[in-house]
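Observations on the model geometry
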Amino acid sequence: MPATVDHLIQRSEFLTSYTPYQPEIAQGTLQYLFEFQTQVAMLTGMEVANASMYDGSTAAAEAVLMAHRVTKRHKAVLAGNLHPHYRETIETVARLAEHEIVALPPRLRGKEDLAADRRRRCRAWWCRRRTSTAICTISPSWPRRRTRPARCWLPSSPRSVSLGLVKPPGAMGADIVVGEGQSIGNALTFGGPYVGLFATRQKYVRQMPGRLCGETVDAEGRRGFVLTLSTREQHIRREKATSNICTNSGLCVLAFTIHMTLLGEAGLRRLAAHQPRQRRGAGRRRWRRCRA
């Protein structure tokens, strides 16, 4: 991670600022949020992204609720290879929202047969598509063959850098993409901080939770930025809101954006392909020393 990232985010105008309730005044803040959304949309191959969530697990839980709103069904199946932290967050949020979650047992070998649960009449499915990158998917209609599947991809471990190598989920038919962006620009410090990624297709934008920054022009035709579709959240009745998460991880978003800007497309590919070398047997020797 370049030292430039920490140097820039520690400037006072970034470190101590927060998106005000008159957001049009803070054009600089809105601009880097807009750039972040653009980068996430390009990274995932989607059409629109929000201004981030708390972390990957809360983004996954919001994706389940969003899939339920789209499909009008309140039941989901979680694959056994889903990370326990994500599973617990999804189950907690779903329980409070009175939605049913079916968690399958983990399987160490072979593929999970989610088709066997078709009789459950579930409309949200979790299954792993790529073992090497731990990318999972929600499909509100799969395994029906005649219906176009609506999928939600989730890096179940904070490895969003891997999207620099694999085919983007949007190009594979995904409709909702969520993940953890901590590995880009944000150093892991005693369990945090984290930044959740959330992207979807244009037709589902009004069902997407979180803040959304848009580009516009003022009365004189100058370029400007605004918070758009904000009435989905805290400005209306709570029971009618798409989500009660009305904020975003602003400083982590800025670190993500700076790191992605410094890398570029070619740099991200090189970073994703980088594998640190380790001498054979070094891990075993360290383990023996710890036991001793």
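Everything in this summary refers to the structure shown in the same document. No experiment lies behind these values; they were computed from the predicted model shown. (Residues numbered from 1 in each chain as written. Predicted model: local features only at pLDDT ≥ 70, side-chain atom pairs only at ≥ 80, totals over all residues. Heavy atoms only, no water.)

Observations concerning the overall build of the protein chain
Tallying secondary structure elements over the protein chain gives 7 helices and 10 strands in all. For the protein chain, buried positions account for 50% of its 292 residues. Long-range contacts, defined as pairs at least 24 residues apart, comprise 64% of the intrachain contacts of the protein chain with a sequence gap of at least 6. Accessible surface for the protein chain amounts to roughly 16400 Å². Of this, 51% is attributable to carbon and sulfur atoms. (Helix = DSSP H or I, 4+ residues; strand = E, 2+ residues; numbered from the N terminus. Buried < 20%, exposed > 50% of the residue type's maximum accessible area, 1.4 Å probe, protein only. Contact = heavy atoms within 4.5 Å. Areas by Shrake-Rupley, 256 points an atom, 1.4 Å probe, with all protein chains shown as cover.)

Remarks on the packing of aromatic side chains
The description of an aromatic ring pair rests on the distance of the ring centres and on the angle between the ring planes. In the structure shown here, the tally under the stated rule is 3 aromatic pairs. Judged by centre distance (6.2 Å) and plane angle (90 degrees), the ring pair of F14 and Y32 falls under edge-to-face. Remark: Y32 occurs in helix α3 (residues 27–44) and F14 occurs in helix α2 (residues 12–15); sequence separation between them is 18 residues. Centre to centre, the rings of F34 and F225 are 5.3 Å apart; their planes meet at 50 degrees, and the pair counts as tilted. (Phe/Tyr/Trp six-rings, centres within 6.5 Å; stacked < 30°, edge-to-face > 60°.)

Things to note about the side chain of Q182
Residue position: Q182 is located in the loop between β7 (174–180) and β8 (196–200). Since its relative accessible area comes to 8%, Q182 is described here as buried. A polar side-chain atom of Q182 sits 2.7 Å from the main-chain carbonyl oxygen of N186. (Polar contact = N/O pair within 3.5 Å; in protein donor to acceptor, adjacent residues only side chain to side chain.)

Quick notes on the packing of α3 against helix α6 (residues 250–273)
At their nearest, the axes of α3 and α6 sit 9 Å apart, and the two run at 50 degrees to each other. Comparing their axes, α6 and α3 come out oblique. The two elements α3 and α6 meet at a crossing, and its hand is left-handed. Where α3 abuts α6, its residues Y32, L33, E35, F36, Q39, V40 and L43 lie against G250, V253, L254, F256, T257, M260, T261 and L268. By residue class, the composition of the contact of α3 with α6 is 10 nonpolar, 4 polar and 1 charged. (Axes fitted to C-alpha atoms, helices over the stretch in contact; angles between N-to-C directions. Parallel < 35°, antiparallel > 145°, perpendicular 65-115°, else oblique. Left-handed = near helix turned anticlockwise from the far one by under 90°. Nonpolar A, V, L, I, M, F, W, Y, C, P; charged D, E, K, R; others polar.)

Digging into the side chain of Q39
Position of Q39 relative to the elements: it lies in helix α3. With a relative accessible area of 14%, Q39 lands in the buried category. A polar contact of 3.2 Å, which involves the side chain of Q39, links it to the side chain of T261. Residues within four places of Q39 in sequence aside, it is in contact with F256, T257, M260 and T261.

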